[in-house]
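Reading the structure
Residue-level listing of the chains:
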Amino acid sequence: MNYQEFNKFCRSFKATDHVVQWGNADVWKVGGKVFAIGGWSKDKTPAFTFKTSDLNFQFLSDHHGYIPAPYFASRGMKWIQQVDTGGHLDEELRYYLSESYRLVALGLSKRKRAELGIDL
């Protein structure tokens, strides 16, 4: 997946906002809360960062193509970065981005979700 495909996919979720920040990264938010970041690779290749469940964090931390997300994971947050973006993990990435959106949206108040028209 490249950045254009990443942005198109993240845009498909309801009530999202896109900003460019943190060193020119594509940052996607729902209800003002980050759920996905495109950028931050150490070697200038695409890298995609997302929130995970505790179980997925444990699994992906030791899975080829993924690392605990720099900055986030070192602060105890369950965020993973996909660093193998050659294309064969794109389907997995779509799943994990969807889950990240769901997790972050669930963290919003019921009132905020209703305002945004998010029904989970």
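Residues numbered from 1 in each chain as written. Predicted model: local features only at pLDDT ≥ 70, side-chain atom pairs only at ≥ 80, totals over all residues. Heavy atoms only, no water.

As annotated in an unreviewed UniProt entry, the chain carries the name MmcQ/YjbR family DNA-binding protein and is attributed to Vibrio superstes NBRC 103154.

1. Digging into the overall build of the chain
Note the following rule: Numbering of helices and strands starts at the N terminus; helices are DSSP runs of H or I of at least 4 residues and strands are runs of E of at least 2. Our radius of gyration looks at C-alpha atoms and nothing else; its globule reference is 2.2 Å times the residue count to the power 0.38.
In terms of helices and strands, the chain carries four helices and six strands. For the chain, the α and β elements follow one another from N to C terminus as α-β-β-β-β-α-β-β-α-α. Computed over the C-alpha atoms, the radius of gyration of the chain is 14 Å, within 12% of the 14 Å expected from 2.2 N^0.38 for a compact globule of 120 residues. Along the longest, intermediate and shortest principal axes, the C-alpha atoms of the chain span 40 × 30 × 25 Å.

2. Considerations on the packing of aromatic side chains
Cut-off, in case you're wondering: For this analysis, a ring pair means two rings from Phe, Tyr or Trp (six-membered ring only for Trp) whose centres lie within 6.5 Å, classed as stacked if their planes differ by under 30 degrees, edge-to-face if by over 60, and tilted for the remaining angles. Only protein chains enter the accessibility calculation, which uses a 1.4 Å probe; a residue is then buried when its area is under 20% of its type maximum, exposed when over 50%, and partly exposed in between.
Summed over all chains, the structure comprises nine aromatic pairs. Seen in terms of ring centroids, Phe9 and Phe13 are 5.2 Å apart; in terms of plane orientation they differ by 85°. Their pairing is edge-to-face. An identical accessibility class is assigned to Phe9 and Phe13; each is buried. A centroid spacing of 6.1 Å and a plane angle of 75° characterise the contact between Tyr66 and Tyr96, whose relative ring orientation is edge-to-face.

3. Section: empty space enclosed by the protein
So the rule is basically this: Lining residues are defined by having an atom within 4 Å of a point belonging to a cavity or pocket. Those points lie on a 1 Å grid over the protein atoms alone, cavities being sets where a 1.4 Å probe fits but cannot get out and pockets being open sets with protein on both sides within 12 Å along at least five of seven lines. Grid points are joined across faces, edges and corners, and a volume is the space filled by probe spheres set on the points.
Scanning all chains against the criterion turns up one cavity of 30 Å³ or more. Estimates place the volume of the largest cavity at around 30 Å³. Lining the largest cavity we find Lys51, Thr52, Ser53, Asn56, Tyr96, Glu99, Ser100 and Leu103. Considering every element that reaches the lining of the largest cavity, the biggest residue donor is helix 3 (residues 90–106), with four residues.

4. Overview of unusual backbone geometry
A positive phi is found at Trp22, a non-glycine position, where the angle reads about 50°. Exposure remark for Trp22: the relative accessible area of 40% places this residue in the partly exposed category. Positive phi, close to 70°, is recorded for Asn24, a residue that is not glycine. You can see Asn24 is positioned in the loop between strand 1 (16–21) and strand 2 (25–30).

5. Examining the environment of Asn2
Our working definition: Polar contact is defined as a pair of N or O atoms within 3.5 Å, subject to the rule that within protein one atom must be able to donate a hydrogen and the other to accept it, and that residues adjacent in sequence are counted only when both atoms are side-chain atoms.
Take Asn2: it is sitting in the segment before helix 1 (3–11). A relative accessible area of 34% places Asn2 in the partly exposed class. C-alpha of Asn2 to C-alpha of Thr45: the two residues are 43 residues apart in sequence and 9.3 Å apart in space. A polar contact of 2.7 Å, which involves the side chain of Asn2, links it to the backbone nitrogen of Glu5.

6. Remarks on the pairing of strand 1
Formally: Strand pairing follows a simple DSSP-based rule, namely that at least 2 bridges must link the two strands.
Relative to strand 2, strand 1 runs antiparallel, the two sharing six bridges. When the sheet's bridge partners are listed, Asp17 is paired in strand 2 with Lys29. The turn joining strand 1 and strand 2, which pair antiparallel and follow one another in sequence, is formed by three residues; a positive phi near 50° is taken by Trp22.

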